[in-house]
Amino acid sequence: EIIYIGDPMCSWCWGFAGVINSIYRDFNNKAPLSIVLGGLHAYDDFPMSREYKNNIRHHWEDVNKTTGAIFDYRFFDRDRFILDTEPACRAVVTIRKMQPNLALPFYESISRSFYTENKDTTILRTYKPLVEKLNIDFKVFEKKFYSDQIKVETKNDFNFAKKIGVTGFPTVLVKDGKNLALLTAGFQPYQVLKPAIDG
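Residues numbered from 1 in each chain as written. Predicted model: local features only at pLDDT ≥ 70, side-chain atom pairs only at ≥ 80, totals over all residues. Heavy atoms only, no water.

1. Quick notes on the packing of helix α4 (residues 86-98) against helix α7 (residues 138-145)
Part 1 of the reasoning: For the pair α4 and α7, the least separation of the axes is 9 Å and the interaxial angle reads 120°. In this structure, α4 crosses over α7, and the sense of that crossing is right-handed. Mapping the contact onto sequence places Pro87, Arg90, Ala91, Thr94, Ile95 and Met98 in α4 and Val140, Phe141, Lys144 and Phe145 in α7.
Part 2 of the reasoning: Considered class by class, the residues forming the contact of α4 with α7 number seven nonpolar, one polar and two charged. (Axes fitted to C-alpha atoms, helices over the stretch in contact; angles between N-to-C directions. Helix = DSSP H or I, 4+ residues; strand = E, 2+ residues; numbered from the N terminus. Left-handed = near helix turned anticlockwise from the far one by under 90°. Contact = heavy atoms within 4.5 Å. Nonpolar A, V, L, I, M, F, W, Y, C, P; charged D, E, K, R; others polar.)

2. Re the pairing of strand β1 (residues 2-6)
Side-chain positions along a regular strand alternate between the two faces of the sheet.
Part 1 of the reasoning: β1 sits mainly inside the fold: five of its five residues count as buried.
Part 2 of the reasoning: Of the two faces of β1, the one lined by Ile2, Tyr4 and Gly6 and the one lined by Ile3 and Ile5 are each fully buried.
Part 3 of the reasoning: When β1 meets strand β2 (residues 33-37), the two strands line up parallel, connected through five bridges. Opposite glycine 6, over in β2, you have leucine 37 as the bridge partner.
Part 4 of the reasoning: Pairing geometry for β1 and strand β3 (residues 171-176), over four bridges, is antiparallel. Of the residues in β3, the one forming a bridge with isoleucine 5 is threonine 171. (Buried < 20%, exposed > 50% of the residue type's maximum accessible area, 1.4 Å probe, protein only. Pairing = 2+ DSSP bridges.)

3. What about the packing of aromatic side chains?
Part 1 of the reasoning: Under the counting rule described, the total for this entry stands at 27 aromatic pairs.
Part 2 of the reasoning: When the ring of tyrosine 127 is compared with that of phenylalanine 145, the centres are 6.2 Å apart and the planes differ by 45°; the resulting orientation is tilted. Here tyrosine 127 is found in the loop between α5 (103-115) and α6 (128-133), whereas its partner phenylalanine 145 is found in helix α7, with 18 residues between them in sequence.
Part 3 of the reasoning: Given the relative accessible area of 0%, tyrosine 127 is considered buried. (Phe/Tyr/Trp six-rings, centres within 6.5 Å; stacked < 30°, edge-to-face > 60°.)

4. Points about the packing of α4 against helix α8 (residues 148-163)
Part 1 of the reasoning: At a minimum axis separation of 9 Å, α4 and α8 run at an interaxial angle of 110°. In terms of their interaxial angle, α4 and α8 are classed as roughly perpendicular. Two secondary-structure elements touch here, α4 through Glu86, Cys89, Arg90, Val93, Thr94, Arg96 and Lys97 and α8 through Gln149, Ile150, Lys151, Glu153, Thr154, Asp157 and Phe158.
Part 2 of the reasoning: Residues that form the contact of α4 with α8 fall into these classes: four nonpolar, three polar and seven charged. (Parallel < 35°, antiparallel > 145°, perpendicular 65-115°, else oblique.)

5. Describing the sheet that holds β3
Part 1 of the reasoning: A sheet is described by the order of its strands in space; here four strands give the open sequence β2-β1-β3-β4, paired in mixed fashion. A single partner strand is all that each edge strand has here, and the edge strands are β2 and β4 (179-185). Averaged over all adjacent pairs, the angle separating strand axes in this sheet is 25°, with direction ignored.
Part 2 of the reasoning: Along the sheet, α5 contacts β1 and β2; its crossing angle with β2, the most-contacted strand, is approximately 45°.

6. A word on the pattern of salt bridges
Part 1 of the reasoning: For the structure shown, the criterion picks out eleven salt bridges.
Part 2 of the reasoning: When the shortest N-O distance is used, the salt bridge between arginine 112 and glutamate 108 registers 2.7 Å. Taken together, the residues span about one helical turn, with arginine 112 and glutamate 108 both in helix α5 at a distance of four residues.
Part 3 of the reasoning: The class for glutamate 108 is buried, based on a relative accessible area of 15%.
Part 4 of the reasoning: A salt bridge links lysine 128 to glutamate 132; the shortest N-O distance between them is 2.8 Å. Here the residue lysine 128 and the residue glutamate 132 both occupy positions in helix α6, the gap between them amounting to four residues, near one helical turn. (Salt bridge = Lys/Arg side-chain N within 4 Å of Asp/Glu carboxyl O.)

Distances and angles like these do not, on their own, reveal function.
Structure representation (structure tokens):
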């Protein structure tokens, strides 16, 4: 099994989207891929300061240079935005519960809407077109999204990532039986990771 630990509002994870899609395409039949949500800025409850925005912007610029991922920098014009990544993670957990095979494309669609379309992924209505595109009933999604069960499952993901010592995203692990091996902590191009998975 391949375990991908990330956050749809993590810029390096957005830069890693093409890599994880290639891993899924080439290896999912042999080693099924599952997503664990890391909760990069989960439960943040304070508006972003100018210094905080500058720091995040610097990350975006680095990701763009390294991976070519596209960013909409209008995000930084938002006033008093609270960068809480828990709702985006919970949305993925909701879809994972409903249709596990759609978790990865849904995860990527959240990243795309946040990074390239400047959508607010801290609010529920942002997910409506993304959920409906998957032919999933949005009312059913909404009910599950707000359920205590999904909130607990999301927190369990965060706790699992912390427990095994994951401190940054993306992180990819390979699970063989009960053994976990680190494939990468941080961005790596696919041509670097493929031989390691093959091996």
